[in-house]
Amino acid sequence: MILPIIAYGHTVLRTTCTDIPADFDGLPQLMADMWQTLESSRGVGLAAPQVNRPLRLFIVESQSTFEHLDEDERLTLFPDGGGIRETFINPVITVASAQTWEDEEGCLSIPGLWARVKRPWSITIEYLDATLQRQVRTYTGLTARMVQHEYDHLDGRLYFDHLPPLQKKLLAGKLEKVRKGHYRAAYPMK
Ligand SMILES: [Zn+2]
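The rules behind each value
- Residues numbered from 1 in each chain as written.
- Predicted model: local features only at pLDDT ≥ 70, side-chain atom pairs only at ≥ 80, totals over all residues.
- Heavy atoms only, no water.
- UniProt positions renumbered as here; feature names shortened; annotations may be inferred.
- 1 Å grid on protein atoms, 1.4 Å probe; cavity = no way out; pocket = protein on both sides within 12 Å on 5 of 7 lines; lining within 4 Å.
- Helix = DSSP H or I, 4+ residues; strand = E, 2+ residues; numbered from the N terminus.
- Buried < 20%, exposed > 50% of the residue type's maximum accessible area, 1.4 Å probe, protein only.
- Contact = heavy atoms within 4.5 Å.
- Pairing = 2+ DSSP bridges.
- Donors = N, O, S within 2.8 Å, 3.2 Å for Na, K, Ca; no water.
- Phe/Tyr/Trp six-rings, centres within 6.5 Å; stacked < 30°, edge-to-face > 60°.
- Expected span 1.5 Å × (residues − 1).

- The chain goes by Peptide deformylase in an unreviewed UniProt entry, where it is assigned to Chitinophaga fulva.
- Looking at the Function (unreviewed entry) heading of the UniProt record, one finds this comment for the chain: "Removes the formyl group from the N-terminal Met of newly synthesized proteins. Requires at least a dipeptide for an efficient rate of reaction. N-terminal L-methionine is a prerequisite for activity but the enzyme has broad specificity at other positions."
- UniProt lists a comment for the chain under the heading Catalytic activity (unreviewed entry), and it reads "N-terminal N-formyl-L-methionyl-[peptide] + H2O = N-terminal L-methionyl-[peptide] + formate".

As structure tokens, this is what we get:
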């Protein structure tokens, strides 16, 4: 089922999400719904609070981004291969590189807004995958950026929180419009 995406302004996007308990039986359905929602919105990542479930779960799909890049961009932005299509349950980022880089980010919950955000180039993350197997993976480049963006959602952080004060101020008017419901999105929102 395609779920409506929660728009900026809703308190669930500022909530610290809770771990998913081992006996949580709604998990397969929630994961299936989130993948369907992500595909229909043409996004690259989606966190459970964005569909109004304050749980520590997100998905990232960077393969289609990889496929749309030319060879130079692939080598630069995907140094560790062709992207991922992965589910992260109860994740913990354990290592972040001192090396950082800037790139443009947007968010399905904040339609019509983009900003350049500085983030670590690579991270190591421990999590349970969709089959509840424990994984420890290191991601770099654009995939690492997507993982960090979604991970932030689990702690109620949004990408523009990382911006310097002046840049944040420049976005304030547009954010206020979204908060008041003045936005256009090509997917269902609420
Ligand atoms: Zn987002």
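Next, the rest of the story.
## Considering the UniProt feature "binding site: Fe cation" (unreviewed entry) in the chain
And then number 1: The positions UniProt marks with the feature "binding site: Fe cation" (unreviewed entry) are Cys 107, His 149 and His 153. Spanning 47 residues, the named residues nonetheless gather at one spot, since no C-alpha pair among them exceeds 10.3 Å. When only the residues just named are considered, the largest pocket is lined by Cys 107 and His 149.
And then number 2: Tracing the sequence through the fold places His 149 in helix H4 (residues 141-154).
And then number 3: Given a relative accessible area of 7%, His 149 falls into the buried group.
And then number 4: Not counting chain neighbours up to four residues away, the residues in contact with His 149 comprise Glu 105, Gly 106, Cys 107, Arg 119 and Tyr 159.

## A few points about the pairing of strand E7 (residues 134-140)
And then number 1: In the sheet, strand E6 (residues 122-128) pairs with E7 via seven bridges, with the strands oriented antiparallel. Residue pairing in the sheet places Ile 125 in a bridge with Arg 137 of E7.
And then number 2: Counted along the chain from E6 to the antiparallel partner E7, the turn is five residues long, and its residue Leu 132 has a positive phi close to 65°.

## Observations regarding the coordination of the zinc ion
And then number 1: At 2.1 to 2.3 Å from the zinc ion lie its protein donor atoms, namely Cys 107 (SG), His 149 (NE2) and His 153 (NE2).
And then number 2: The sequence pattern describing where the donors of the zinc ion fall on their chain is C-x41-H-x3-H. Of this pair, His 149 and His 153 both sit in helix H4, four residues apart, which is roughly one turn of that helix. Comparing His 149 with His 153, the two get one shared label, buried.

## Description of the packing of aromatic side chains
Given two aromatic rings, their pairing is described by the distance between the two centres and the angle made by the two planes.
And then number 1: Applying the stated criterion across every chain, the model contains seven aromatic pairs.
And then number 2: Between the aromatic rings of Phe 58 and Phe 88, the centroid separation amounts to 4.6 Å while the plane-to-plane angle is 20°, which identifies the pairing as stacked. Of this pair, Phe 58 sits in strand E2 (residues 57-61) while Phe 88 sits in strand E3 (residues 85-96), and the two are 30 residues apart along the sequence. A single burial state applies to Phe 58 and to Phe 88, both of which are buried.

## Description of helix H1 (residues 27-41)
And then number 1: Counted at 1.5 Å a residue, the expected span for H1 with its 15 residues is 21 Å, and the 21 Å between its end C-alpha atoms agrees.
And then number 2: When H1 is considered as a whole, its buried residues turn out to be Leu 27, Leu 30, Met 31, Asp 33, Met 34, Trp 35, Thr 37, Leu 38 and Ser 41.
And then number 3: For H1, the secondary structure elements touched by its buried residues are strand E1 (45-47), E2 and E3.
And then number 4: Arg 42 sits one or two positions beyond H1 and adopts a positive phi of about 60°.

## Some thoughts on the environment of Ala 22
And then number 1: Along the chain, Ala 22 falls in the segment before H1.
And then number 2: A sequence separation of 110 residues divides Ala 22 from Leu 132, and the C-alpha atoms of the two residues are 9.2 Å apart.

## Here's the deal with the UniProt feature "active site" (unreviewed entry) in the chain
And then number 1: Cross-referencing UniProt, the feature "active site" (unreviewed entry) maps to Glu 150 in the present numbering.
And then number 2: With respect to the helices, strands and loops of the structure, Glu 150 is situated in helix H4.
And then number 3: Beyond its immediate stretch of four places on either side in the chain, Glu 150 contacts Gly 45, Leu 46, Ala 47, Gln 50, Phe 58, Ile 59 and Val 60.

## Details of the environment of Thr 15
And then number 1: Among the secondary structure elements, Thr 15 is positioned in the segment before H1.
And then number 2: On the accessibility criterion, Thr 15 (28% relative accessible area) is partly exposed.
And then number 3: Sequence separation between Thr 15 and Leu 154 is 139 residues, and the spatial gap between their C-alpha atoms is 7.5 Å.
And then number 4: Excluding residues within four positions of it along the chain, Thr 15 makes contact with Pro 54, His 153, Leu 154, Asp 155 and Gly 156.

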